[in-house]
Amino acid sequence: MSTTAGSDVTLDVGAKTHRGWIQSPPYDLALFVLAPIAGILVVGAGRLPGGYRLGLLATFFVAIPHYMSSFSFYLGDDNAPYFRQRWMAFFLGPAIIFALVAGLRLAGYPSPVLIAMFVWNVWHVSLQSAGILTIYRRLNDGPPAERPAAHLAILAVSATMAFWYLDRFKPLYDFVVRIHPQLPLVTRVVLAAVAVVALVRLAHRIARREKPMSLPESAFLATSLLLFHPYLWVKDSQQATFAMLMGHFIQYLSIVWLLNRRKYAHAGGSARQRLLAWMSSRPTTIGMTIGITGLAFYVMQRTTTALGLTELYLIIWNAMTLVHFYVDGLVWAFRTPHVRQSVGPYLFPPSRIAL
């Protein structure tokens, strides 16, 4: 890899040594394919005496670092001209989201914020799963034209599970039944029908491949389609969401760290890029970064609670979540040439990148 981030590279994403895997079988299996098991473990532990502590650890040392890791994009020197040129999108947009969240919560209307988080979460998580699946497909020389069918199948199945018991998420349920009392049922039926059609269409496209799916690709596809299953059996919507998100958190942290390590671990540049290089250089430094981030938010939560400013912490938490969704839509937008050029060579085989 070149020591200058963003320069031309010939990185083959481990395809020669571990063909079909993004990094290696142990890394991919633990942090991508089997990551959703962590959510089941956290929910199960929560039902045991003292098990809530595992949930706290997962919140501060997995969930929050995941939300904050989106902002590593701002630290790369090669990205600076891009986000400065689009400053309204990268700076004004997050500020507006924070102001809206603060305004609505302080005015006593948290429901629109919670509904936005719930709905956008389904879209955001589904697209991440579809994006990682695209990497596996390209590593397996799968047809790029299959991408829309896979995206729709993952999104439709995920949305069906998330909205199946809509009454368990009161803010959205109350809003929907105001439109029409039968709308929750109609939503369930329509989403299920779309999911079935999308799955049949995807299965048909896969069956027509000249080359069969690899084990990594097929395993991750199964994981992606089942990721939202906690909504079907965990009655508490908040716990179901967290159980689903644990797998997503781990997958996201793993792909961001892998990208930054490959791209910046040996890079020089500005102080902020050298900081990113240090954080990404090895597991111990990324562990220290995650620990410091989690402790900072834990102290913030304890301090605001002690001062009677719980609402302030909730504003920060909700705004951070929505800004993460928003920024992610910018920094992983492969439709833009800059993202394809600055991210693609470090995750995709060079021969499959349309620059």
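Bear in mind the structure is a predicted one, so any value in this text is a computation, not a measurement. Sequence order sets the numbering: in each chain, residues are counted from 1 along the sequence as written. Two thresholds apply to this predicted model, a pLDDT of at least 70 for residue-level local features and 80 or more for giving and counting side-chain atom pairs, whereas whole-chain, interface and lining totals are computed over all residues. Heavy atoms throughout the structure, all of them, feed into the side-chain values; hydrogens and water do not.

Novice: I'm lost on the confidence of the model for the chain in this one. Help?
Specialist: Reading fine detail from the predicted coordinates is not recommended where pLDDT is low. Per-residue pLDDT for the chain averages 90, and the proportion of residues at 70 or more is 93%. Confidence scores here are pLDDT values: one per residue, from the predictor, ranging 0 to 100. The contact criterion used is simple: two residues touch if any of their non-hydrogen atoms lie within 4.5 Å. pLDDT under 50 marks residues 1-17. Its contacts with residues more than four places away, or in other chains, come to 40 contacts.

Novice: Help me understand the side chain of Ser 237 in this model?
Specialist: Mapped onto the fold, Ser 237 is located in helix H12 (residues 237-264). The buried category is assigned to Ser 237, whose relative accessible area is 10%. Those residues in contact with Ser 237 that lie beyond four places of it in its chain are Phe 118, Arg 168, Phe 169 and Tyr 231. In this description a helix means any DSSP run of H or I spanning at least four residues, a strand means any run of E spanning at least two, and both kinds are numbered starting from the N terminus. When accessible area is computed with a 1.4 Å probe and restricted to protein chains, residues below 20% of their type maximum are described as buried, those above 50% as exposed, and intermediate ones as partly exposed.

Novice: Could you clarify how one ought to interpret the packing of aromatic side chains in this entry?
Specialist: The way to describe two aromatic rings as a pair is by their centre distance and the angle between their planes. Only Phe, Tyr and Trp rings are paired, with Trp represented by its six-membered ring, and only when their centres lie within 6.5 Å; those with planes under 30 degrees apart are stacked, over 60 edge-to-face, the remainder tilted. Overall, the coordinates contain 23 aromatic pairs when judged by the stated rule. With 6.0 Å between their ring centres and 80° between their planes, Phe 118 and Tyr 231 make a pair best called edge-to-face. One end of the pair, Phe 118, is in helix H6 (residues 111-139); the other, Tyr 231, is in helix H11 (residues 230-233), with 113 residues separating them in the sequence. With relative accessibility at 7%, the residue Phe 118 sits in the buried group. An aromatic cluster is present here, built from Phe 71, Phe 73, Tyr 74, Tyr 82, Phe 83, Phe 90 and Phe 91 joined pairwise through their rings. Here the basic side chain of Arg 188 rests over the ring of Trp 164, its NZ or CZ set 4.4 Å away from the ring centre. Both a distance and an angle decide whether a charge sits over a ring: NZ of Lys or CZ of Arg must be within 6 Å of the ring centre and within 35 degrees of the ring normal. Lying across the ring of Tyr 165, Arg 188 places its NZ or CZ 5.6 Å from the centre.

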